Amino acid sequence: MEKAEAEAKHWKEEYYRVYADTANLRKSLEEDHRNALKYRAEGFIQDLVPALDAFYSALSAPAPSKEAENYRTGFTYIYSQIIAALEKEGFAAIEPKIGDHFDATFMHALEVEEAKTGGLVAKVHAKGYKLKDRLLRPVMVTATIEKTEPKEEKKEPVEEIHQA
């Protein structure tokens, strides 16, 4: 009888262990599924970012003629429609201003220059992009570091050695 009770206890514990493992696996799979749905457009948007950069660059350049200005107006409208459609998916551009504090969590310093105040954005080279709370590409910037004055070297007095 004791042997049967011990075996029943063993299988009961085994059942609870397997049940807990199954529940944990189900929760993990549900979380993976939620993330897959949340970030479903990530690959597509990653592929689209270089085209968005080129589009933005072209629209930022001055128009050489009145006719080119009319075309640019139309392309600006198309660009804004594309951005609006991407924003519905959670896409957002990250555009810091010159003088903002440098934040390494979403900025990448391509260059560093000395200035009176360190840790600021001196120049923005390229926009950054994120999808919901996930960083797709960091903002490419020039950051400042505090200018350091050269220190004067202290010269130690040299004792002369006299020969006797």
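Preceding this paragraph is the structure being described.
Residues numbered from 1 in each chain as written. Predicted model: local features only at pLDDT ≥ 70, side-chain atom pairs only at ≥ 80, totals over all residues. Heavy atoms only, no water.

Peer 1: Go over the layout of surface pockets with me, naming the residues and quoting the values.
Peer 2: Space inside the largest pocket adds up to approximately 190 Å³. Asp-53, Tyr-56, Ser-57, Ile-94, Glu-95, Pro-96, Val-124, His-125, Ala-126, Lys-127 and Arg-137 together form the lining of the largest pocket. Of all elements in the fold, only helix H2 (42-60) and strand S3 (121-126) reach the threshold of two or more residues within the lining of the largest pocket. Split by residue class, the lining of the largest pocket holds 5 nonpolar, 2 polar and 4 charged. (1 Å grid on protein atoms, 1.4 Å probe; cavity = no way out; pocket = protein on both sides within 12 Å on 5 of 7 lines; lining within 4 Å. Points joined across faces, edges and corners; volume = space filled by probe spheres on them. Helix = DSSP H or I, 4+ residues; strand = E, 2+ residues; numbered from the N terminus. Nonpolar A, V, L, I, M, F, W, Y, C, P; charged D, E, K, R; others polar.)

Peer 1: Please set out the nonpolar core residue by residue, giving values where relevant.
Peer 2: The tendency in soluble globular proteins is for nonpolar side chains to be buried side by side. If you look at the biggest cluster of nonpolar residues, it comprises 13 residues, and the most contacted ones within it are Ile-45, Leu-52, Phe-91, Tyr-129 and Leu-136. Looking at this core element by element, the count peaks at 4 residues for H2. Look past the residues within four positions of Phe-91 in its chain and what remains in contact with it is Ile-45, Leu-52, Ile-83, Leu-86, Tyr-129, Lys-130, Leu-131 and Leu-136. (Core = buried A, V, L, I, M, F, W, Y, C linked by side-chain atoms within 4.5 Å. Buried < 20%, exposed > 50% of the residue type's maximum accessible area, 1.4 Å probe, protein only. Contact = heavy atoms within 4.5 Å.)

Peer 1: Kindly report on the side chain of Lys-127, identifying the contributing residues and their values.
Peer 2: With respect to the element layout, Lys-127 can be found in the loop between S3 and strand S4 (128-131). On the basis of relative accessibility, which here comes to 13%, the residue Lys-127 falls in the buried class. A distance of 3.5 Å separates the side chain of Lys-127 from the side chain of Tyr-79, its partner in a polar contact. What Lys-127 contacts, discounting residues up to four positions off in sequence, is Tyr-56, Tyr-79, Ala-93, Ile-94, Glu-95, Arg-137, Pro-138 and Val-139. (Polar contact = N/O pair within 3.5 Å; in protein donor to acceptor, adjacent residues only side chain to side chain.)

Peer 1: Account for the pattern of salt bridges, with residues named and values stated.
Peer 2: As enumerated under the stated definition, the model contains 9 salt bridges in all. In this structure, Glu-30 and Arg-26 form a salt bridge, with 3.4 Å as the shortest nitrogen-oxygen distance. Residue Glu-30 and its partner Arg-26 are both found in helix H1 (residues 2-38); the two are separated by 4 residues, about one turn of the helix. (Salt bridge = Lys/Arg side-chain N within 4 Å of Asp/Glu carboxyl O.)

Peer 1: Hey, could you go over the pairing of strand S5 (residues 134-137) for me, with residue numbers and the actual values?
Peer 2: Here S4 runs beside S5; their pairing, made up of 3 bridges, is antiparallel. Across the sheet, residue Tyr-129 finds its bridge partner in S5, namely Arg-137. Hairpin connection between S4 and S5: a loop of 2 residues separates the two successive antiparallel strands, and Lys-132 in this loop has a positive phi of roughly 55°. (Pairing = 2+ DSSP bridges.)

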